[in-house]
Amino acid sequence: MTFSRNPFCSSLLLASLFLSLTVILKNWHFGLQENKPFGDAGGPDGLTPARDRLLQQLKERQQELELLDITFDNKQGFMDPSFSTNDSAVYINGKLSSDNPLTAKTDIGCEELSGIKAVDFLGSGYTKTVLKAALPQGLFVALKSINHQGTDMRLCMEDFQDSQGCNELVSFKLRKEIVLLQRLQHTNIVELKGQCQDSALVGGITAVLEQGMPLQMIQLLQSPWEERFRVCLGLVQLLQYLSHSPLGSVALLDFQPRQFVMVSGELKLTDLDDASIQEPACQEDSDCLLQFPLRNFTLRCSFSRTCEGLNEMRNLYNAYRYFFTYLLPHQAPPLLKPLIHQIMNSTGELKQSINETLVAFEEVLHMYKSGLHLENLPPSITRDYAVLKGMRSVANMEYRCWPSYKQQGCVLSVHSAREAALICSSHPQCTSFSLSSEKTWTGRLLASFRSGFSHLVPDVNSAVYMRRVKASGAVL
Ligand SMILES: Nc1ncnc2c1ncn2[C@@H]1O[C@H](COP(=O)(O)OP(=O)(O)O)[C@@H](O)[C@H]1O
Ligand SMILES: [Mg+2]
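Please read all numbers here as calculations on a predicted model, not as lab measurements.

Participant: So what's going on with the overall build of the protein chain? Which residues, and what values?
Facilitator: Of the regular secondary structure elements, the protein chain holds 15 helices and 17 strands. Burial analysis of the protein chain (476 residues in total) assigns 51% to the buried set. Accessible surface computed for the protein chain: about 23500 Å², of which carbon and sulfur atoms make up 54%.

This is the structure we're talking about:
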């Protein structure tokens, strides 16, 4: 990000963000309940057509939030017929009531946020701005609030010229996101750590989220296959959850890499305001058309006259076109290639459900972890190496390889010493490698390859393997 490379620009941007937050803090004093959102109105009934339309849109967004609650209650099997809009006001105008089990984890509120300091800018989109902030205990979190310079706000202002009304309209998107984050909890969705909807304290609605790093596709493309596979597997697990979520089948309408962040190597969805829990109604199959720039699919119109499964298929094809095509096939272990090819084929043609896709991914993971795909390695290969157990190489005789876990050296994940020996034998510079107890997320070992060693020290958790032919100086 150019922003982070230029400290002057970053401070300027941070300063302007602070400034706008402060301005909102001073001026933003309305909420749905305190309503009189639009100040003085024109026209005999106090409403102009533009304000009518704005009111209508606000009403629709309010209803959308209520629908989320009703659907959730229905799916949980405790629909209360006396449910009223008062219930939704609980989360629209403040934190969810504390006896709600869904709030158990979301304990950072307005009070904690009022003294919090933003330390960096993390990203922004059409609707929201995200800042990094430090909690007093030293924990970093991401604070999401409305992007007052964003496209959503600009388009609303062009339409209605009403800053308070537009603020409220755009805020509904973040409100919806907060409700969804409370309802949908999964390892591959960012965790909601708290929220504040009290404008006087923090200047507008704010969601407190676990902090990640914006997804950098270019960086990911350069990372080891194992890490790219982890991202794709996480995505499939997420889509499987979304397909059978407590809200029913959820579609991500704005499905793009920038809606995700990385937290310790794990992919997490952060932008949920464009999620939909509805599947289209239909009369016939041709109503269930799923359109993409390069492909169209037609799904079945079910007995209940809905395009059942459309949300699931939309998500799956988007995962294929935005993630799998770039991340999965490239540099896959040769013996896993047929399985990967099958996954690419079935998702690219939407031939399998998300459940079946997850099974296929788990099979790949199982093979990769167990080393089954390496069964054909010559067992004799380690005989070319002398082993020094309980030793570690400290000299800096490293060479670079790609795609290494370490920028300055050649560190690759291996299933066993045998696989590491095979790799070392295929690198002309390699004269030794060492294995430590350090492991990757799949449990594979991290092997460090070297072009020489001048100094070894004792280390019970490490072993150094020296290539005999090269170590003796003999020509291969
Ligand atoms: N939890 C987070 N940690 C780090 N960066 C984040 C986090 N959430 C969002 N971002 C960054 O902020 C950007 C804007 O957030 P997003 O929710 O996508 O807003 P919008 O709805 O405006 O697109 C994202 O593209 C992402 O790069
Ligand atoms: Mg976004």
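Having seen the model, we can carry on.
Participant: Outline the site of ligand 1, supporting the account with residue identities and numerical values.
Facilitator: The environment of ligand 1 is formed by 20 residues, the closest being Thr127, Lys128, Lys144, Arg258 and Thr270. Glutamine 259 has a polar side-chain atom sitting 3.2 Å from an oxygen atom of ligand 1. Within the complex, 95% of the 550 Å² of free accessible area of ligand 1 lies under protein. Counting only elements with at least two residues in the shell around ligand 1, the list comes to β1 (117-124), β2 (128-134) and β3 (140-146). The element contributing the most residues to the shell around ligand 1 is β1, with three residues. Taken together, the residues of the shell around ligand 1 sort by class into six nonpolar, eight polar and six charged. Built from parts of two domains, the shell around ligand 1 gets at least three residues from each of domain 1 (2-211) and domain 2 (214-374).

Participant: So what's going on with the coordination of the magnesium ion (ligand 2)? Which residues, and what values?
Facilitator: Geometrically, a metal with four donors at the corners of a regular tetrahedron has ideal angles of 109.5 degrees, and one with six donors at the corners of a regular octahedron has ideal angles of 90 or 180 degrees. The protein atoms that coordinate the magnesium ion (ligand 2) are Gln259 (OE1) and Asp271 (OD), at distances spanning 2.0 to 2.2 Å. Of this pair, glutamine 259 sits in the loop between β7 (251-252) and β8 (260-263) while aspartate 271 sits in the loop between β9 (266-269) and β10 (275-276), and the two are twelve residues apart along the sequence.

Participant: Lay out the confidence of the model for the protein chain in plain terms, naming residues and giving numbers.
Facilitator: A residue-level look at the protein chain finds 81% of positions with pLDDT of 70 or above and a mean pLDDT of 83. Throughout residues 1-41 the model reports pLDDT below 50, and contacts reaching past four residues in sequence, or to other chains, amount to 62 contacts. Confidence drops under a pLDDT of 50 for residues 78-104, and excluding neighbours within four residues, the segment shows 49 contacts in the predicted structure.

Participant: Lay out the pattern of salt bridges with the relevant residues and their values.
Facilitator: For the structure on display, the rule yields 18 salt bridges. Its salt-bridge partner being aspartate 273, residue lysine 128 comes within 2.9 Å of it at the nearest N-O pair. Linking lysine 128 in strand β2 with aspartate 273 in the loop between β9 and β10, this pair joins segments that are 145 residues apart in sequence. Just as lysine 128 is buried, aspartate 273 falls in that class too. A salt bridge links aspartate 152 to lysine 173; the shortest N-O distance between them is 3.2 Å. Within this pair, whereas aspartate 152 is found in helix α6 (residues 151-160), its partner lysine 173 is found in helix α7 (residues 163-183), the two being separated by 21 residues in sequence. Just as aspartate 152 is buried, lysine 173 falls in that class too.

Participant: Outline the packing of aromatic side chains, listing residues and values.
Facilitator: Following the criterion strictly, the structure yields 16 aromatic pairs and no others. Plain terms: the ring middles of phenylalanine 255 and tyrosine 322 are 6.4 Å apart, the flat faces sit at 15 degrees to each other, and that makes the pair stacked. Highlighted residues: phenylalanine 255 in the loop between β7 and β8 and tyrosine 322 in helix α11 (residues 310-327), separated in sequence by 67 residues. By relative accessible area, phenylalanine 255 is classed as buried at 4%. Seen in terms of ring centroids, phenylalanine 324 and phenylalanine 361 are 5.4 Å apart; in terms of plane orientation they differ by 45 degrees. Their pairing is tilted. Of this pair, phenylalanine 324 sits in helix α11 while phenylalanine 361 sits in helix α13 (residues 354-370), placing them 37 residues apart in sequence. These aromatic residues form a ring-pair network of at least three members: Trp225, Phe229, Phe324, Phe361, Tyr368 and Trp441. Geometry around phenylalanine 140 places lysine 132 over its ring, the cationic atom sitting 4.6 Å from the centre.

Cut-off values and rules
Residues numbered from 1 in each chain as written. Chains lettered and ligands numbered in written order. Predicted model: local features only at pLDDT ≥ 70, side-chain atom pairs only at ≥ 80, totals over all residues. Heavy atoms only, no water. Helix = DSSP H or I, 4+ residues; strand = E, 2+ residues; numbered from the N terminus. Buried < 20%, exposed > 50% of the residue type's maximum accessible area, 1.4 Å probe, protein only. Areas by Shrake-Rupley, 256 points an atom, 1.4 Å probe, with all protein chains shown as cover. Near = heavy atom within 4 Å. Polar contact = N/O pair within 3.5 Å; in protein donor to acceptor, adjacent residues only side chain to side chain. Nonpolar A, V, L, I, M, F, W, Y, C, P; charged D, E, K, R; others polar. Domains from an automatic or database assignment. Donors = N, O, S within 2.8 Å, 3.2 Å for Na, K, Ca; no water. pLDDT = per-residue confidence, 0-100. Contact = heavy atoms within 4.5 Å. Salt bridge = Lys/Arg side-chain N within 4 Å of Asp/Glu carboxyl O. Phe/Tyr/Trp six-rings, centres within 6.5 Å; stacked < 30°, edge-to-face > 60°. Lys NZ or Arg CZ within 6 Å of the ring centre and 35° of its normal.

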